[in-house]
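Chain by chain, the residues:
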Amino acid sequence: MVSNPLPALARWIAQKSWVMRMAPIVLRLERCVRWVSRGRHGVLDLAGLPSIEITVPGRKTGIARTTSLLYVPRGDDFLIVGSNWGKPKHPVWSANLRAVGTATARLEGEQFEVTVTEVTGMDRKRVWDVVVEFWPGYEMECELSGGRTFRIFELRRS
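This section reports on the structure supplied with the text. Keep in mind that what you see is a predicted model, and the values were worked out from it rather than measured.

1. Considerations on the pairing of strand β1 (residues 51-57)
Reasoning step 1: Counting buried positions along β1 yields five of seven residues, so the element is predominantly enclosed.
Reasoning step 2: Alignment of β1 against strand β2 (residues 64-70), held across seven bridges, turns out to be antiparallel. Along β2, the bridge assignment pairs Glu53 with Ser68.
Reasoning step 3: Connecting β1 to the antiparallel partner β2 that follows it, the hairpin turn spans six residues, and Gly62 within it adopts a positive phi of roughly 80°.
Reasoning step 4: The pairing of β1 with strand β5 (residues 102-107) spans three bridges and is classified as antiparallel. The residue bridging Glu53 from the neighbouring strand is Arg106, located in β5.

2. Concerning helix α6 (residues 137-144)
Reasoning step 1: Those residues of α6 not exposed but buried are Gly137, Tyr138, Met140, Glu141 and Cys142.
Reasoning step 2: Looking at the buried positions of α6, the neighbouring elements they touch are β2, β4 (77-81) and α5 (121-134).
Reasoning step 3: Once α6 finishes, Gly146 follows within two positions and takes phi at roughly 90°, a positive value.

3. Regarding the nonpolar core
Reasoning step 1: Within the largest apolar cluster, 18 residues are counted, with the highest numbers of intra-cluster contacts made by Val81, Trp128, Val131, Trp135, Tyr138 and Ile152.
Reasoning step 2: Of all elements in the fold, only β4, α5 and α6 reach the threshold of two or more residues within this core.
Reasoning step 3: In terms of residue count, the dominant contributor to this core is α5 (five residues).
Reasoning step 4: Among all residues touching Trp128, those that are not within four sequence positions of it are Val81, Tyr138, Glu139, Phe150 and Ile152.
Reasoning step 5: Grouped together as the second largest cluster of nonpolar side chains are 17 residues, Ile52, Tyr71, Phe78 and Val114 included.

4. Looking at unusual backbone geometry
Reasoning step 1: Within the chain, Asn84 stands out as a residue other than glycine whose phi angle is a positive 55°.
Reasoning step 2: On the secondary structure map, Asn84 appears in the loop between β4 and α4 (92-98).
Reasoning step 3: Despite not being glycine, Glu108 shows a phi value in the positive range, around 50°.
Reasoning step 4: Within the secondary structure, Glu108 sits in the loop between β5 and β6 (110-118).

5. A look at the side chain of Arg148
Reasoning step 1: Secondary-structure assignment places Arg148 in the loop between α6 and β7 (152-157).
Reasoning step 2: The side chain of Arg148 sits in the buried core without any salt bridge; Glu141 is the nearest counter-charge, 6.8 Å away.
Reasoning step 3: At a separation of 3.0 Å, a polar atom in the side chain of Arg148 contacts the main-chain carbonyl oxygen of Lys87.
Reasoning step 4: Looking at Arg148, its side chain comes within polar contact range of the main-chain oxygen of Pro88, at 3.2 Å.
Reasoning step 5: Contacts of Arg148, omitting those with residues within four sequence positions, involve Gly82, Ser83, Asn84, Lys87, Pro88, Lys89, His90, Pro91 and Cys142.

Scoring rules and cut-offs
- Residues numbered from 1 in each chain as written.
- Predicted model: local features only at pLDDT ≥ 70, side-chain atom pairs only at ≥ 80, totals over all residues.
- Heavy atoms only, no water.
- Buried < 20%, exposed > 50% of the residue type's maximum accessible area, 1.4 Å probe, protein only.
- Helix = DSSP H or I, 4+ residues; strand = E, 2+ residues; numbered from the N terminus.
- Pairing = 2+ DSSP bridges.
- Contact = heavy atoms within 4.5 Å.
- Core = buried A, V, L, I, M, F, W, Y, C linked by side-chain atoms within 4.5 Å.
- Lys, Arg positive; Asp, Glu negative; His and termini not counted.
- Salt bridge = Lys/Arg side-chain N within 4 Å of Asp/Glu carboxyl O.
- Polar contact = N/O pair within 3.5 Å; in protein donor to acceptor, adjacent residues only side chain to side chain.

Next comes the structure, spelled out in structure tokens:
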């Protein structure tokens, strides 16, 4: 049986700083792939990597917004990282997640509720090592962001 070479290639490419300039193109392509697949797949899925959509209400507007993200599997749970493509500011979705205890997730077309916990304190270092091992590009993105401490969240099915 031949293994899929795309995840390894994607992890290698994601460690190149020029990839961060591709964010607008990748995000448009993501919306297109999600639309065509009726929400079942995204760009990361096509590359053989795990992606999840999260929907959370805005902390100021209350308007629900959906974001597609790479996730790191952790048993039945999901770890997501607010890298924001290495930008100096935290992604808006991460501030919104901080303001709620639950969110809606969609994985491979299945929609379900998740409990949201921000990973902080002593657990954060251990979890950071896990996410960087899974997606080495996070270290480069951290450097590009000016050393911003990325928010990490654990999502658990409710």
